[in-house]
Structure formats: structure tokens, C-alpha cells
Amino acid sequence: MNDPPTKEQEINALQMMSAELGPNSYLGPWIRQSLLYLADAIKSDVPPISAFQLYEHASADRIAAAASKQVAQQEARQILDAARQKADELLRQATAEAERITGNAWQALRHAIKSLED
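Residues numbered from 1 in each chain as written. Predicted model: local features only at pLDDT ≥ 70, side-chain atom pairs only at ≥ 80, totals over all residues. Heavy atoms only, no water.

**Student:** Sorry, what's going on with helix α1 (residues 7-21) here?
**Tutor:** Relative to the 21 Å expected for 15 residues at 1.5 Å per residue, α1 spans 21 Å between its end C-alpha atoms, a close match to the ideal helical length. Among the residues of α1, those classed as buried are Ile11, Leu14 and Ser18. Mapping the buried residues of α1 onto a view down its axis gives an arc of 55°, with all of them on the same face. Exposed side of α1, more than 90 degrees from the buried face: Met16, Ala19 and Glu20 are the residues found there. For α1, the elements touching its buried residues are α2 (27-43). Immediately downstream of α1, the backbone of Gly22 shows phi near 80°, a positive value. (Helix = DSSP H or I, 4+ residues; strand = E, 2+ residues; numbered from the N terminus. Expected span 1.5 Å × (residues − 1). Buried < 20%, exposed > 50% of the residue type's maximum accessible area, 1.4 Å probe, protein only. Arc of directions from axis to C-beta. Contact = heavy atoms within 4.5 Å.)

**Student:** Quick question: what am I supposed to make of the side chain of Ser34 here?
**Tutor:** Counting through the fold element by element, Ser34 comes out in helix α2. Separated by 2.8 Å, the side chain of Ser34 and the backbone oxygen of Trp30 make a polar contact. (Polar contact = N/O pair within 3.5 Å; in protein donor to acceptor, adjacent residues only side chain to side chain.)

The following block contains the structure:
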């Protein structure tokens, strides 16, 4: 009957594997960087999250981020469009008011000239 390795044996096996693979391998640096997390999970009797689960979480996060970005961009476009419409309306109102004031000024000038001529 084969007994499963102890926690320390599993941690030592990971350390040895990382050292054997070396820093120029694909998995050596990953194991070395993950060793604290993996050792903590092993010591805590918590199975570590698999690389596939991490990939799935990261993919889901990227999809959610892209959707949030798209919603934010749509909302920003709506805000900008509303601001442009408001600015256009204010420009129309200001132009109309300026034309009204200009018209009143010309009318006042004509009245003033007429009264000076009389």
C-alpha cells in the first residue's frame, strides 16, 4: 500500500522540480513564483486553484472588462451627444438674443438720428 506523500514531501518535490527545470524553462519560473502560494495551500489543506481555473477566471474577467468598457464608451458617447445638443441649443439661443439686441440697438440708433434731425 502506497501512502500519499506528506505535505513537506510535496513542497520539496515542487522546489526540486523548479530547480531542475531552471530559470530558462517554461515551468521552472512559474513553479518558483507559485511556490509560496502552493506551499501555503498545501499546508492549509486547501487544494490550489488549477492553472485552467485561473485561465477561466482571467478570461471571464477580460470579457466582463470588455463589456464594461463598451457600456462606458456608449454612455460617454450619449453624454457627449447630449452635451453637443445642449451646446448647439445654447448657441442658437445666444445668437437669437444677440440678433435681438443688435436689432434693438439699430432701432434705437435710427430713433436717435431721427430725433436729432427733427
